[in-house]
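Topology and contacts: notes
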Amino acid sequence: MRRRWIRLCIGPALIVLVAGMGCGERERIHENIDVEHDVVYAVIDGDSLMLDLAYSKDLSSPAPVIVHIHGGGWRGGRKSTKWAEKFARWDFVGVSISYRLSGTALFPAGVHDCKTAVRWLRAHAEQYSIDPLTYVDSADPPTLIIHGEKDASVIISQSKLLYDALKRAGVETKFVRVKDADHGYQPNPAGATINPSREEIDALEWQWFERMLRKD
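Residues numbered from 1 in each chain as written. Predicted model: local features only at pLDDT ≥ 70, side-chain atom pairs only at ≥ 80, totals over all residues. Heavy atoms only, no water.

Let us now look at the overall build of the protein chain. Helices and strands together make up the secondary structure of the protein chain, namely four helices and 10 strands. Reading the secondary structure of the protein chain in the N-to-C direction produces β-β-β-β-β-β-α-β-α-β-β-α-β-α. Expressed as a percentage of the 216 residues in the protein chain, the buried residues total 43%. Of the roughly 11800 Å² of accessible surface on the protein chain, a fraction of 52% belongs to carbon and sulfur atoms. (Helix = DSSP H or I, 4+ residues; strand = E, 2+ residues; numbered from the N terminus. Buried < 20%, exposed > 50% of the residue type's maximum accessible area, 1.4 Å probe, protein only. Areas by Shrake-Rupley, 256 points an atom, 1.4 Å probe, with all protein chains shown as cover.)

Set out below in structure tokens:
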């Protein structure tokens, strides 16, 4: 099965949206990183669905896109410029998306919105110099799973089940258990030192994306 990873290079032009959609506010977060806030990728039942997009001004060639889909059990949470900027600092293009929560539209509406956001990125391939870059695997893209061993919101056995299923399907995957960590890597008990640390988790994520997305 073929999976497509979006590669994106931002030139001097801003995003051009389809008729009826507005462009988000542009902001310089760091000297070499620009962010587009609240870019509308779809309007559904009068509600604007938005994304934040961050990219390095220093990019000299197409870069892979990493799309952040926030947690919250489809009931809460919000997109975050922080995640988009984090990926941009690694010389990827970072995107964080909003989607309809279950209080507005019942599941699986939020899943459909996530797919719509990816289609929006593909539809803007020419403006963003997208190269679709294709990987071939048995079913799904390579998957990195990082989970706190003391997570009381989503028990770690759920991630183990996912990891085992991916391995059986022949998907490249890695499972990292974070010791003394609750949901969101919060220390449990309070004051404990999680292992790996947040800095080490960042490094693991960066190394994973570097290896998976920068393949020739």
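This brings us to unusual backbone geometry. Following Phe107, the chain continues into Pro108 via a peptide bond in cis, with omega recorded as 15 degrees. One can find Pro108 in the loop between β7 (93-97) and α2 (109-123). Of the consecutive residues Asn195 and Pro196, the connecting peptide bond is found in the cis state with omega at 5 degrees. One non-glycine residue with positive phi stands out, namely Asp180, at about 55 degrees. Examined against the element boundaries, Asp180 turns out to sit in the loop between β10 (173-178) and α4 (198-213). Of note in this structure, Tyr185 is not a glycine but carries a positive phi near 65 degrees.

Turning our eyes to something else, we now look at the side chain of His147. Structurally, His147 is set in strand β9 (residues 143-148). Reaching out from His147, the side chain makes a polar contact with the side chain of Ser159 at a distance of 2.5 Å. (Polar contact = N/O pair within 3.5 Å; in protein donor to acceptor, adjacent residues only side chain to side chain.)

All right, on to the pairing of strand β5 (residues 47-56) then. Buried residues dominate β5, accounting for seven of its 10 residues. Across nine bridges, the pairing between strand β4 (residues 33-44) and β5 is antiparallel. Looking at β5, one finds that Ala42 is bridged to Leu49. Linking two consecutive strands that pair antiparallel, namely β4 and β5, is a turn of two residues; a positive phi of about 50 degrees is found at Asp45 within it. As paired elements, β5 and β7 share four bridges and run antiparallel to each other. Bridging across to β7, Asp52 finds its partner in Ser96. (Pairing = 2+ DSSP bridges.)

A few words on the pattern of salt bridges. Evaluated as defined, the whole model comprises 11 salt bridges. Measuring nitrogen to oxygen at the nearest pair gives 2.8 Å for the salt bridge that ties Lys160 to Asp164. In this pair, Lys160 and Asp164 both sit in helix α3 (residues 156-168), four residues apart, roughly one turn of the helix. Exposure remark for Lys160: the relative accessible area of 33% places this residue in the partly exposed category. Looking at Asp164, the relative accessible area reads 22%, which means it is partly exposed. (Salt bridge = Lys/Arg side-chain N within 4 Å of Asp/Glu carboxyl O.)

For helix α1 (residues 81-89), the set of buried residues is Thr81, Ala84, Glu85, Lys86, Phe87 and Ala88. N-capping of α1 is provided by Ser80, with a side-chain oxygen placed 3.2 Å from the backbone N of Lys82. Backbone geometry just after α1 places Asp91 at a positive phi near 70 degrees.

Grouped burial of nonpolar side chains is what soluble globular proteins tend to show. Counting residues in hydrophobic clusters, the biggest one holds 18 residues, and the most contacted among them are Tyr41, Leu51, Leu53, Val93, Val95, Ile97 and Trp120. Going through the elements one at a time, β4, β5, β6 (63-69), β7 and α2 are the ones with two or more residues in this core. Once you skip the residues sitting within four places of it in the chain, Leu51 turns out to touch Glu36, His37, Asp38, Val39, Tyr41, Lys79, Val95, Ser96, Ile97 and Trp120. (Core = buried A, V, L, I, M, F, W, Y, C linked by side-chain atoms within 4.5 Å. Contact = heavy atoms within 4.5 Å.)

Taking 1.5 Å per residue, 13 residues should reach 18 Å; α3 reaches 19 Å between its end C-alpha atoms and fits that length. Contacts from the buried residues of α3 go to β9 and β10. (Expected span 1.5 Å × (residues − 1).)

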